[in-house]
Amino acid sequence: MLTIGAFARLARLSPKALRLYDDLGLLPPAAVDPSSGYRFYDPAQLERARLVAWLRRLGMPLARIREVCALPAGEAAREVAAYRDRIAAEALARERLATFLVDYLSGRGSPMSDARAELGIRYAARTDTGRGRDTNEDAAYAGARLLAVADGMRGPVGGRASTAAIEALKPLETAGLAAGDLLNALSEAIGTADETIRAAEDDTSATTLTAMLWSGSELALVHIGDSRAYLLRDGALLRITTDHTMVQGLVDEGRLSADEARSHPQRALLVRALGAGETGPDLSLHTARAGDRYLLCSDGLSAVVAPDALERALREAGEPDATVDRLIALAYAGGAPDNIACVVADVVEV
Ligand code: MN
């Protein structure tokens, strides 16, 4: 048996840390002297002490460390891998937001922004009822400054909700907004749409909405629900929205892999939607480049067509019209169990 001081030196931990781990049940001493209260450790406990210290350094919460330490090595490895994936996802999300802000702050107000080439878009939008449904509650719109898809919940009220969401944005297309006003204008229009949907005769109605509003080369993205926006830039496809679904929450926590999420029976269960819930949409500002290709779609496409097939179709098919046709054909090849909404836009120099 080792005293706490000797064990601490061997484990390269402080006696204070060891007392904390004991209090938290992470590493109880092998024996405690009943009269003096001194703690004694078995040299065999060194490995456990090192594992706890490593996991602490990793920033893992103590409750989770306790779980990991109780597992056999193979399962512990899987838990740590899930934790690693979660940190990586969080870091990526923060990095993206920081990049938007850098772009936004450097473009705003500088004389360069006026000299930049004016960008325009070529676009196509379509919805399709699909094979598995006899009504279509999806809506899609594309114009010179606005792209949008919305997926209303089933039934006539859902169809009205998706249409109302897109109608609320249309006035912004001709409002001549400056880049700096895009986000506020979108946020206000979304608030109005949310109220309209909530005031409908059936107040359980709700819809997803993923939309982009342009000013020059700046584009504002508004997103709520599980429709998606993707960007094909330099030949690589990047998803720029996060699903507001229960299943995505589990992926973020490292409890489910992206592959498992795709086939999860409750993958469509939304935690946020327009007209329902208390949390509003995600809003972000992006800088477009000539050559960018954007895809907005409902889950009738993204849940049916695998990401690599989506990427191939976006890279290979020609004009936006032909690409939209190709994407809908791919959804049909996958059974088309749901309504499909699809918008493709290419950024071009004017
Ligand atoms: Mn759908």
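Just so we're clear, the structure is a prediction, and the values are computed from it rather than from any experiment.

Q: Got a minute to help me understand the packing of helix α12 (residues 307-316) against helix α13 (residues 320-333) in this structure?
A: Describing two packed helices takes the angle between their axes plus the distance from one axis to the other. Interaxial distance between α12 and α13 falls to 9 Å at its minimum, and their mutual angle equals 155°. In this view, α12 runs roughly antiparallel relative to α13, as classed from their interaxial angle. With respect to the hand of their crossing, α12 and α13 are arranged in right-handed fashion. In this structure, α12 contributes Ala309, Leu310, Ala313 and Leu314 to the contact, and α13 contributes Thr323, Arg326, Leu327 and Leu330. Class assignment of the residues belonging to the contact of α12 with α13 gives a composition of 6 nonpolar, 1 polar and 1 charged.

Q: Even after reading the chapter, I still don't get the packing of aromatic side chains, so can you show me in this structure?
A: Remark: the centre distance and the inter-plane angle together describe each pair of aromatic rings, the angle taken between the planes. Applying the stated criterion to the full structure yields 2 aromatic pairs. Taken together, a centroid distance of 5.7 Å and an interplanar angle of 85° make the contact between Trp214 and Tyr294 edge-to-face. Here Tyr294 lies in strand β12 (residues 293-297) and Trp214 lies in strand β7 (residues 209-215), a separation of 80 residues in the sequence.

Q: Explain the nonpolar core here, please?
A: Nonpolar side chains tend toward joint burial in soluble globular proteins. Counting 26 residues, the largest nonpolar core has Leu169, Leu172, Leu186, Leu209 and Leu274 as its most contacted members. The leading source of residues in this core is helix α8 (residues 182-198), at 7 residues. Not counting residues within four places of it along the chain, the set of residues in contact with Leu274 comprises Ala165, Ile190, Ala193, Asp194, Ile197, Ser205, Ala206, Thr207, Leu209 and Ile224. Within the second largest apolar cluster, 24 residues are counted, among which are Ala11, Ala17, Met60 and Ala76.

Q: For this particular structure, what's the right way to read the pairing of strand β8 (residues 218-224)?
A: Regular strands show a simple pattern: their side chains alternate between the two faces of the sheet. In terms of residue burial, β8 counts as a mostly covered element, since 7 of its 7 residues are buried. Residues Glu218, Ala220, Val222 and Ile224 of β8 are buried on one face, and the alternating residues Leu219, Leu221 and His223, pointing to the opposite face, are buried as well. Where β7 folds back on β8, the antiparallel hairpin that results is connected by 2 residues, among which Gly216 adopts a positive phi of roughly 60°. Pairing analysis gives 6 bridges linking β8 to strand β11 (residues 282-287), with the strands arranged antiparallel. Its bridge partner lying in β11, Leu221 is registered against Ser284.

Q: Can you help me understand the sheet that holds strand β4 (residues 119-128) in this one?
A: Pairing between the strands of a sheet is mediated by backbone hydrogen bonds and can be parallel or antiparallel. If you walk across this open sheet you meet the 5 strands as β4-β13-β12-β9-β10, and the pairing is antiparallel. Sheet topology places β4 and β10 (236-239) at the edges, where each strand pairs with a single neighbour. Each adjacent strand pair in this sheet contributes to an overall mean axis angle of 20°, direction not counted. Across 10 bridges, β4 lies against strand β13 (residues 340-349) in antiparallel orientation. Across the sheet, Tyr123 pairs through a bridge with Ala345, a residue of β13. Here α12 sits on the sheet in contact with β9 (228-233), β10, β12 and β13, set at roughly 125° to β10.

Q: Please clarify how the packing of helix α7 (residues 156-173) against α8 should be interpreted in this entry.
A: Direction vectors running N to C along α7 and α8 enclose 150°, while the axes themselves pass 9 Å from each other. As judged from the angle between their axes, α7 and α8 are roughly antiparallel. As for the relative orientation of α7 and α8, their crossing is right-handed in sense. Where α7 approaches α8, its residues Ala161, Ala164, Ala165, Ala168, Leu169 and Leu172 are matched on the opposing element by Ala185, Leu186, Ala189, Ile190, Ala193 and Ile197. Split into classes, the residues belonging to the contact of α7 with α8 amount to 12 nonpolar, no polar and no charged.

Q: I'm lost on the coordination of the manganese ion in this one. Help?
A: Working reference: metal with six octahedral donors, ideal angles 90 or 180 degrees; metal with four tetrahedral donors, ideal angle 109.5 degrees. The coordination sphere of the manganese ion, as far as protein atoms go, consists of Asp151 (OD), Asp299 (OD) and Asp338 (OD), spread over 2.1 to 2.3 Å. On the primary sequence, the residues serving as donors to the manganese ion are separated as D-x147-D-x38-D. Here Asp299 lies in helix α11 (residues 299-302) and Asp151 lies in strand β6 (residues 146-151), a separation of 148 residues in the sequence. You'll find Asp151 and Asp299 in the same group, each marked buried.

Rules and cut-offs
Residues numbered from 1 in each chain as written. Predicted model: local features only at pLDDT ≥ 70, side-chain atom pairs only at ≥ 80, totals over all residues. Heavy atoms only, no water. Axes fitted to C-alpha atoms, helices over the stretch in contact; angles between N-to-C directions. Helix = DSSP H or I, 4+ residues; strand = E, 2+ residues; numbered from the N terminus. Parallel < 35°, antiparallel > 145°, perpendicular 65-115°, else oblique. Left-handed = near helix turned anticlockwise from the far one by under 90°. Contact = heavy atoms within 4.5 Å. Nonpolar A, V, L, I, M, F, W, Y, C, P; charged D, E, K, R; others polar. Phe/Tyr/Trp six-rings, centres within 6.5 Å; stacked < 30°, edge-to-face > 60°. Core = buried A, V, L, I, M, F, W, Y, C linked by side-chain atoms within 4.5 Å. Buried < 20%, exposed > 50% of the residue type's maximum accessible area, 1.4 Å probe, protein only. Pairing = 2+ DSSP bridges. Donors = N, O, S within 2.8 Å, 3.2 Å for Na, K, Ca; no water.

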